Amino acid sequence: MTANRPNGVIYTGQTHELKDRILKHKTKRYKNSFSARYNVDKLVWYKEYPTILEARAMEKRLKKGNRAKKVALIEAMNPEWKDLFYEL
């Protein structure tokens, strides 16, 4: 999940190349995308899965879930909402 600031806008997605995907968010490669419009470029939570099917299933669960559950996941891993991209 990415965010624009602590407790701000949250974007949920899945990828097989996390560093590259976050770099695209940071450089606003797709100017009209949700993440570019809302400046959602800070990696605040992630989890690796053994298969793409498991990753997609988790993405669907997260997108169906409410904001409170997403915030709880983020704060369990990253209570300061710092940008984890620089720790990859």
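Look up a bit, the structure's there.
Residues numbered from 1 in each chain as written. Predicted model: local features only at pLDDT ≥ 70, side-chain atom pairs only at ≥ 80, totals over all residues. Heavy atoms only, no water.

A.B. asks: Please provide a residue-by-residue account of the sheet that holds strand β1 (residues 2–3), values included.
C.D. replies: Two orientations exist for strands paired in a sheet by backbone hydrogen bonds: parallel and antiparallel. Taken in spatial order, the three strands of this open sheet run β2-β1-β3, and their pairing is antiparallel. Both edges of this open sheet fall to β2 (10–11) and β3 (42–43), since each of them pairs with a single strand only. Examined bridge by bridge, β1 and β2 share two bridges and lie antiparallel to one another. What sits directly across from T2, in β2, is Y11. (Pairing = 2+ DSSP bridges. Helix = DSSP H or I, 4+ residues; strand = E, 2+ residues; numbered from the N terminus.)

A.B. asks: If you had to explain helix α3 (residues 52–64) to someone new, which residues and values would you point to?
C.D. replies: With 13 residues, α3 extends 18 Å from end C-alpha to end C-alpha; this agrees with the ideal 18 Å at 1.5 Å per step. For α3, the full list of buried residues reads A55, M58, E59 and L62. The arc that holds the buried residues of α3, viewed along the axis, is 105°, so those residues lie on one side. Of the residues in α3, the exposed ones pointing more than 90 degrees away from the buried face are L53, K60, R61 and K64. Its buried side turned inward, α3 meets α4 (67–77). (Expected span 1.5 Å × (residues − 1). Buried < 20%, exposed > 50% of the residue type's maximum accessible area, 1.4 Å probe, protein only. Arc of directions from axis to C-beta. Contact = heavy atoms within 4.5 Å.)

A.B. asks: Kindly report on the nonpolar core, identifying the contributing residues and their values.
C.D. replies: Ranked by size, the top nonpolar core spans ten residues in total: M1, A3, I10, V44, W45, M58, L62, V71, I74 and W81. Those elements giving two or more residues to this core turn out to be α3 and α4. Not counting the four nearest positions on each side in its chain, M1 is found in contact with I10, Y11, T12, K42, L43, V44, W45, L62, K70, L73 and I74. (Core = buried A, V, L, I, M, F, W, Y, C linked by side-chain atoms within 4.5 Å.)

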